[in-house]
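Residue strings, one per chain:
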Amino acid sequence: MVASVRTRPTLPAPDWRLVGPWYRWARPGLPEDGRVSRPAIQMFAGDDFISDFLAQPQRSLKFDPLIDVVNGYHLASAAPGGTLAGKFASLFAVNAQGRPAAAGEPRFRARLAPGSLRKLYQPTHNRHYLVCCELHCEQPGFPRVDRRQVCQAGFVIRRRRSVLPPQLAAAMIKAQTDPVRAAEADLLDLVQLAATAEDPASSPALAGNARARQQKLVTEAGLADWSALLALRRAEADRLRSALDAWYREQGVRVDIEGWFPSDRNGRNGPGEWRLLDEPACAADPAISGEAVQPLFALVPDPREPDHDAAGRTLYYGTIPTTSLAHDARGAPRLDDRNTYEIRCFVRDHHAAPARAGKQPDCCGPVVWSAPTEAFRLAAPFDVLGSANRPVTIKMPDLRELAAQAAARPRGSLSPVRFVQPQHLSPSVKDKGASGGNMGGEAICSFSIPLITIIALFVLNLFLPIVVFIFQLWFLLVFRFCIPPQIKFSADVDAALAATPPGVDLDADFAVAVSGIPQTAAALNAALNGSMKTRIRQDTGAEEDPDLSGFSNNALGPLDQSLQDAAERVPPPPTTDPDTTSDALASTLPASRRTLIYEDPVSPVWPGPGART
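Just so you know, the residues in each chain are numbered from 1, in the order the chain's sequence is written. Totals for whole chains, interfaces and linings use all residues, but because this is a predicted model, local features are given only for residues with pLDDT of at least 70 and pairs of side-chain atoms are given and counted only at 80 or more. Only hydrogens and water are removed before side-chain values are computed, so all heavy atoms of the structure are retained for them.

Q: I would appreciate a short explanation of the overall build of the protein chain in the present structure.
A: Secondary structure elements are defined from DSSP: runs of H or I of at least 4 residues count as helices, runs of E of at least 2 residues count as strands, and each element is numbered from the N terminus. Counting secondary structure elements, the protein chain contains 14 helices and 21 strands. The buried share of the protein chain, taken over its 613 residues, is 39%. Two residues form a contact once any of their heavy atoms are found within 4.5 Å. Within the protein chain, counting contacts between residues at least 6 apart in sequence, those at least 24 apart form 74% of the total. Summing over all exposed atoms, the protein chain offers an accessible surface of approximately 33,500 Å²; the carbon and sulfur share of this is 57%. Buried residues are those whose accessible area, probed at 1.4 Å on protein chains only, stays under 20% of the maximum for their type, while exposed residues exceed 50% and partly exposed ones sit between those limits. Calculation of accessible area relied on Shrake-Rupley with a 1.4 Å probe; when residues are assessed, cover is drawn exclusively from the protein chains displayed.

Q: I keep staring at the pattern of salt bridges and nothing clicks. Help me out?
A: When the charged atoms of two side chains lie near each other, side chains of opposite charge can form a pair. In the sections that follow, a salt bridge refers to a side-chain nitrogen of Lys or Arg positioned within 4 Å of a carboxyl oxygen of Asp or Glu. Tallied over the entire structure, the rule returns 28 salt bridges. Here Glu-291 and Arg-158 are joined by a salt bridge, their closest N and O atoms 2.9 Å apart. Linking Glu-291 in the loop between α7 (286-289) and β10 (294-295) with Arg-158 in strand β7 (residues 150-163), this pair joins segments that are 133 residues apart in sequence. Note on Glu-291: relative accessible area 5%, which makes it buried.

Q: When you look at the side chain of Asp-507 in this model, what are you seeing that I'm missing?
A: For Asp-507, the location among the structural elements is in the loop between α11 (491-498) and α12 (521-540). Despite its burial, Asp-507 pairs with no opposite charge; the closest candidate is Arg-109, at 6.5 Å N-O. Polar contact criterion, stated in full: a pair of N or O atoms within 3.5 Å, where within protein one must be able to donate a hydrogen and the other to accept it, and residues adjacent in sequence count only if both atoms are side-chain atoms. At 2.9 Å, the side chain of Asp-507 and the backbone nitrogen of Asn-553 are in polar contact. Here the side chain of Asp-507 touches Asn-554 through a polar contact of 2.9 Å, side chain to side chain. Non-local contacts of Asp-507, meaning those with residues more than four positions away in its chain, are made with Pro-80, Leu-84, Ala-89, Ala-521, Ser-552, Asn-553 and Asn-554. We treat Lys and Arg as the positive residues and Asp and Glu as the negative residues; His and chain ends play no part in the count.

Q: Teacher, can you tell me more about the side chain of Arg-118 here?
A: Along the chain, Arg-118 turns up in strand β4 (residues 108-120). Accessibility expressed as a relative area gives 13% for Arg-118, which makes it buried. Within polar-contact distance, the side chain of Arg-118 engages the side chain of Glu-374 at 3.5 Å. Look past the residues within four positions of Arg-118 in its chain and what remains in contact with it is Phe-63, Asp-68, Val-69, Val-70, Glu-374, Ala-375, Phe-376 and Arg-377.

Q: Sorry if this is basic, but what is going on with the confidence of the model for the protein chain here?
A: The predicted coordinates of low-pLDDT regions are not to be read in fine detail. For every residue, the predictor assigns a confidence score, pLDDT, that lies between 0 and 100. When the pLDDT values of the protein chain are averaged, the result is 84; 85% of them are 70 or greater. Averaged pLDDT values for the elements of the protein chain fall to 41 in strand β21 (residues 611-612) and rise to 98 in strand β2 (residues 40-44). Across residues 5-9, where pLDDT falls below 50, the model places nine contacts with residues more than four positions away in sequence or in other chains.

Q: What am I meant to see in the nonpolar core here?
A: Generally speaking, nonpolar side chains in soluble globular proteins are found buried as a group. Membership of the largest hydrophobic core comes to 35 residues, with the highest contact counts inside it found for Tyr-129, Leu-135, Leu-296, Tyr-316, Ile-343, Cys-345 and Val-347. Elements with a minimum of two residues in this core: β1 (16-19), β2, β5 (128-137), β7, β14 (340-349) and β16 (376-378). With sequence-adjacent residues up to four places away left out, Ile-343 is seen in contact with Val-131, Phe-155, Val-156, Ile-157, Ile-320, Ala-371, Pro-372, Thr-373 and Phe-376. Within the second largest apolar cluster, 21 residues are counted, among which are Leu-91, Trp-474, Leu-497 and Leu-506. We call a set of buried residues a nonpolar core when its members are Ala, Val, Leu, Ile, Met, Phe, Trp, Tyr or Cys and they connect through side-chain atoms within 4.5 Å of each other.

Q: Can you help me understand helix α3 (residues 170-198) in this one?
A: Three- or four-residue spacings in an α-helix give side chains the same orientation, since the helix completes a turn every 3.6 residues. Compared with an ideal rise of 1.5 Å per residue, which puts 29 residues at 42 Å, α3 spans 41 Å between its outermost C-alpha atoms and is within 8% of the ideal. The largest bend in α3 is about 35°, located at Thr-177, with the proline Pro-179 one to four residues further on. Multiplying one less than the number of residues by 1.5 Å gives the expected span of a helix. Bend, in this description, refers to the angle at a residue between axes fitted to the seven residues ending there and the seven starting there.

Q: Please clarify how the environment of Ser-531 should be interpreted in this entry.
A: Following the sequence through the fold, Ser-531 ends up in helix α12. Here the alpha-carbon distance between Ser-531 and Leu-556, two residues 25 residues apart in the chain, equals 9.7 Å. Within the local environment of Ser-531, its side chain forms a polar contact with the side chain of Asp-560, the two groups lying 2.9 Å apart.

Q: I would appreciate a short explanation of helix α10 (residues 449-471) in the present structure.
A: With 23 residues, α10 should reach 33 Å at 1.5 Å per residue; the first-to-last C-alpha distance of 32 Å fits that figure. Here α10 has its buried residues at Leu-464, Pro-465, Val-468 and Phe-469. Two residues or fewer after α10 comes Gln-472, characterised by a positive phi angle close to 55°.

Q: What is the right way to look at unusual backbone geometry in this model?
A: Most of the time, phi is negative for any residue but glycine, and the peptide bond is trans. Even without a glycine there, the phi angle at Phe-142 is positive, about 50°. In this fold, Phe-142 is placed in the loop between β5 and β6 (144-145). Using a relative accessible area of 1% as the deciding quantity, one classes Phe-142 as buried. Of note in the backbone geometry, Gln-472 takes a positive phi value of approximately 55° without being a glycine. One can find Gln-472 in the loop between α10 and α11.

Q: Could you clarify how one ought to interpret the pairing of β4 in this entry?
A: If a strand is regular, its side chains alternate between the two faces of the sheet. By the convention used here, strands pair only if DSSP detects at least 2 bridges between them. Direction of pairing for strand β3 (residues 69-77) relative to β4: antiparallel, over a ladder of eight bridges. Within β4, the position partnered with Ser-77 by the bridge is Phe-108. Here three bridges tie β4 to β16, and the two strands are oriented parallel to one another. Bridging from a neighbouring strand, Leu-120 pairs with Leu-378 of β16.

Q: How do you make sense of the pairing of strand β9 (residues 271-277) when you look at a structure like this?
A: Bridge analysis of strand β8 (residues 254-262) against β9 gives six bridges, and the strand direction is antiparallel. By the bridge assignment, Trp-260 is partnered in β9 with Trp-274. Of the strand pairs in this sheet, β9 and strand β13 (residues 327-328) are connected by two bridges, and their pairing is parallel. By the bridge assignment for β13, Pro-271 is matched with His-327.

Q: How should the environment of Ala-205 be read in this particular structure?
A: Topologically, Ala-205 is positioned in helix α4 (residues 204-221). Counting along the chain gives 295 residues from Ala-205 to Thr-500, while the straight-line C-alpha distance between them is 8.5 Å.

Q: Can you help me understand the state of the cysteines in this one?
A: Each disulfide is one covalent bond, formed between the sulfur atoms of two cysteines. Note on terminology: pairs of cysteine sulfur atoms within 2.5 Å are recorded as disulfides. Under the defined criterion, the tally for this structure stands at zero disulfides. With no disulfide of its own, Cys-345 lies 4.2 Å from the sulfur of Cys-133, the closest cysteine sulfur.

Q: Please clarify how the packing of α3 against α4 should be interpreted in this entry.
A: Angle between the axes and distance between the axes: these two values describe a pair of packed helices. Fitted lines through C-alpha atoms give the axes, limited to the stretch in contact for helices. The angle between two N-to-C directions lies from 0 to 180 degrees. Interhelical geometry of α3 versus α4 gives an angle of 140° and a closest axis separation of 8 Å. Accordingly, the angle class assigned to the pair α3 and α4 is oblique. The chirality of how α3 crosses α4 is left-handed. Across from Leu-190, Leu-193, Ala-194, Thr-196 and Ala-197 in α3, the residues of α4 making contact are Leu-206, Ala-207, Ala-210, Arg-211, Arg-213, Gln-214 and Leu-217. Every angle not falling under 35 degrees, over 145, or within 65 to 115 is termed oblique; those three ranges are roughly parallel, roughly antiparallel and roughly perpendicular. The hand of a helix crossing depends on one turn: near helix anticlockwise from the far one by less than a right angle means left-handed, and clockwise means right-handed.

Q: Looking at this structure, I do not really get the packing of aromatic side chains. What am I missing?
A: The relative placement of two aromatic rings is captured by the distance of their centres and the angle of their planes. The criterion for an aromatic pair is that two Phe, Tyr or Trp rings (for Trp, the six-membered ring) have centres within 6.5 Å, with stacked assigned to planes under 30 degrees apart, edge-to-face to planes over 60 apart and tilted to the rest. A full pass over the atoms with the stated rule returns 15 aromatic pairs. Arranged with centres 5.9 Å apart and planes meeting at 85°, the rings of Phe-44 and Phe-53 form a pair that is edge-to-face. Classification of Phe-53 by relative accessible area gives buried; the value is 1%. When the centroid spacing of 5.2 Å and the interplanar angle of 50° are considered together, the rings of Phe-346 and Trp-369 count as tilted. Here the residue Phe-346 occupies a position in strand β14, and Trp-369 occupies one in strand β15 (residues 367-369), the gap between them amounting to 23 residues. Grouping residues by exposure puts Phe-346 and Trp-369 together as buried. Within the aromatic cluster, the residues linked to one another by ring pairs are Phe-44, Phe-49, Phe-53, Phe-297 and Tyr-317. We count a charge as sitting over a ring when the NZ of a lysine or the CZ of an arginine lies within 6 Å of the ring centre and within 35 degrees of the ring normal. The lysine or arginine in question, Arg-158, covers the ring of Trp-369, its NZ or CZ lying 4.9 Å from the ring centre.

Spelled out as structure tokens, the structure:
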């Protein structure tokens, strides 16, 4: 459905231009760069980010080129050769379409390929985003517009939909995207290798092997140094992305823009719908079209701070909603992690209308739109990288304390969670298992929150090994580790893998500078099979050995390394003070959030001209 635009007589739009903030221009504050800039999306951490932004607008977090982007996947062959032929090089093999591989299908392993599309995390991920823009007059010197001339400022979130021509088959698209994803995955390997070599937490053996591998790759590429190789790979990935975009245009792929129109203009979370916008509708007045609008606020600097980033400027900012309760008539959410979005900001000129008694003057002047922001996609609520930004600690109840409280005969006063049941389901237990049950009448059962928490964690620990064994999802064990126990199996294998830098093919060229380790892929595979069987059995409490005979070193090696990393977290000596023991255990946990890196401060290369009156 294409949104229709009602018309009404309007005044000519003023000669304004709504652009990005001066500190995000290619050359900060230079008018010729500002004219072609677009509103900026700025990232923050912490719940008090608004006050920080108002104090220092340009001090926002840097976007990480590997983390703050949508990841794609490069599907590489999962069938190693040589002595390991016939084994699977991935713990989760997929077919050529990226779906779980069935028996007899060619198998592939998915490598992460960080793309160029921006990803915005959710507030629960401890990330918040503002859209920022600046208003200027399109005259010589690019002077700012006095904010008193603006009676409304806001922005809209629009959805981008790629429309493929009928003749464009999925196989054709895959043939074009595969080289791009391969280049992105290769670049990620190089970045991780460099990070390992520079990480102060890396052991001397690991750092030395990482540097040796860097030098080997540089020599093979015939370049002068590592920075030249990294720059070459980045340029290659950018070139392939540009070529892919050009190919899409040549094939007639177009991008449709859709706007969100709520059914109730006074409610933002009621049912609505996405409507296709043609060119006139994209530039229409939202007060007439009914498109949902988010507010922009004027950034007014403290007049006592002449060096404030907003001094002498007309800046606006607005909070970007990365989650929404709004939905359409079918129950589909307005915002999700599958679609791509963009933001367009607007300001409205004051209309020379007389004031009405008891009300504000009419704000129905013409609207000036900005260019769209960069396209972005939202992270899923349980995104692994995002959820790691906000650690959550749940302290389990102390059974000694609960036993003492039970002896005090609380008579139900400590069971505040009540379940009112129209039909009471009562299980029968025999031989430590459910043997049946019966359905009774109405009942009210009260439980204590500590009791619910204990049972919930027990059920999780009970079913985790079952799910892992049934579906052979061994890699899920990487997302859990406990302190204690401390599981060690083979010191030689552990030392070898701990000193192996990222990107090494363990199925082909496994060889590191550690003595007393298997030097062939087959010997390493045999050692890993024995090691991983013991680790998985002890970590899950299972009585039977997992069948790992079909997996190669590239599948088992990273899993073994991850479990060994957890095993090296030595538990503290026991004490009689539970609080002290808990603090000591917490101190053995690894760092769960990445270091916050802020944008470098910039100074204007051109002074901000005064307001136009």
